[in-house]
Amino acid sequence: MVEFDKPFASYVYEAEDLHGTEKLAAHLARQAQPGTVIALDGDLGAGKTAFSQWFARHLGVTDTVNSPTFTLIKEYEGRLPFYHMDVYRLSLEEAEELGLDEYFYGAGVSLVEWASLIEELLPANLLQIYIETVSATARKMHIKGRGEPYEAWVSALQENGVS
């Protein structure tokens, strides 16, 4: 597993509670375009699935989004197709057999929980988020953009914060 290097995050967002998590998820959902890939990692129980649910809601998904731990990939319809993946229980070899490139380079948005487990399979350009537990309700989200448009998204966060 490749560990997210928190000191090299380009932007750190601090959420005091779930409302703060929703604000970041909503902000990023507004930026999403076909082919968007978000690599989501973090402490166990830090709120990866909660972030994913808020992101999906603000992408226009009306279905209930829950953890795809046992189904691996769940597909939802919203403003763009939303592909919610959880690779926690997969080996790299098993992940290779899923044909993830079809999702990553398709018409939708891919959000991958535990993405660091399949680092070698992820596209070069993506948005990395590591959620760190600070307290019972507070979280720090370490964010790094790799390539475009993600570097521009992070630059905008650095300049303007979350709106």
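Residues numbered from 1 in each chain as written. Predicted model: local features only at pLDDT ≥ 70, side-chain atom pairs only at ≥ 80, totals over all residues. Heavy atoms only, no water.

## Details of the sheet that holds strand β4 (residues 82-86)
Put simply, the rule reads: DSSP calls a pair of strands paired once it identifies at least 2 bridges connecting them. Secondary structure is summarised from DSSP: a helix means a run of H or I of at least four residues, a strand means a run of E of at least two, and numbering begins at the N terminus for each. The axes used here are C-alpha line fits, helices contributing only the stretch in contact, and every angle between their N-to-C directions lies in the interval 0 to 180 degrees. The contact criterion used is simple: two residues touch if any of their non-hydrogen atoms lie within 4.5 Å.
Ordered in space as β1-β7-β6-β2-β5-β4-β3, the seven strands form an open sheet in which the pairing is mixed. The sheet is open, and its two borders are formed by β1 (11-15) and β3 (73-76), each paired with just one other strand. Direction aside, neighbouring strands of the sheet carry axes that sit 20 degrees apart on average. Two elements, strand β2 (residues 37-42) and strand β5 (residues 109-113), share four bridges in a ladder whose sense is parallel. When the sheet's bridge partners are listed, Ala-39 is paired in β5 with Val-112. Packing of helix α5 (residues 150-160) onto the sheet brings it into contact with β1, β2, β6 (126-133) and β7 (139-146), and relative to β7 it is tilted by some 135 degrees.

## What about the confidence of the model for the protein chain?
Should the pLDDT be low somewhere, the predicted coordinates at that spot are not to be read in detail. Put simply, the rule is: Residue-level confidence of the predictor is summarised by pLDDT, bounded by 0 at the bottom and 100 at the top.
Mean pLDDT over the protein chain: 91, with 93% of residues reaching 70 or higher. The lowest-confidence element of the protein chain is helix α3 (residues 92-96), averaging 81 in pLDDT; the highest-confidence one is helix α1 (residues 18-31), averaging 97.

## Brief notes about the environment of Glu-14
One can find Glu-14 in strand β1. As for Glu-14 and Tyr-83, which are separated by 69 residues in sequence, their C-alpha atoms are 26 Å apart. Sequence-distant contacts of Glu-14, defined by excluding residues within four places in its chain, comprise Arg-139 and Lys-140.

## Thoughts on the side chain of Glu-22
Cut-off, in case you're wondering: Think of it in three bands: residues with accessible area under 20% of the maximum for their type are buried, residues over 50% are exposed, and the middle band is partly exposed, with areas taken using a 1.4 Å probe on protein chains only. Think of it this way: Lys and Arg go in the positive column, Asp and Glu in the negative one, and His and the chain ends go nowhere. Take a side-chain nitrogen of Lys or Arg and a carboxyl oxygen of Asp or Glu: if they are within 4 Å of each other, that pair is a salt bridge.
In this structure, Glu-22 sits in helix α1. Buried and without a salt bridge, Glu-22 has Arg-57 as its closest oppositely charged side chain, separated by 5.4 Å. In this structure Glu-22 touches Trp-54 and His-58, once residues within four positions along its chain are discounted.

## A look at a negative patch on the surface
The test is simple: Patches here: salt-bridge-free residues with over 30% relative accessible area, like charges joined within 9 Å, nonpolar side chains (Val, Leu, Ile, Met, Phe, Trp, Tyr) joined within 5 Å. Accessibility throughout is a Shrake-Rupley quantity obtained with a 1.4 Å probe, and a residue counts as covered only by protein chains that appear here. Here the site of a charge means NZ on Lys, CZ on Arg, CG on Asp, or CD on Glu.
Taken together, the side chains of Glu-93, Glu-94, Glu-96, Glu-97 and Glu-120 present a region of like negative charge at the surface. One can find Glu-96 in helix α3.

## Concerning α1
The line we're drawing: Here, expected helix span is obtained from the residue count minus one, scaled by 1.5 Å. By the criterion applied in these results, polar contacts are pairs of N or O atoms within 3.5 Å in which, for protein atoms, one can donate a hydrogen and the other can accept it, and in which residues neighboring in sequence qualify only through two side-chain atoms.
Compared with an ideal rise of 1.5 Å per residue, which puts 14 residues at 20 Å, α1 spans 20 Å between its outermost C-alpha atoms and is within 8% of the ideal. Those residues of α1 that sit buried are Gly-20, Thr-21, Glu-22, Leu-24, Ala-25, Ala-26, His-27, Leu-28 and Ala-29. Residue Asp-17 occupies the N-cap position of α1, its side-chain oxygen lying 3.0 Å from the main-chain nitrogen of His-19.

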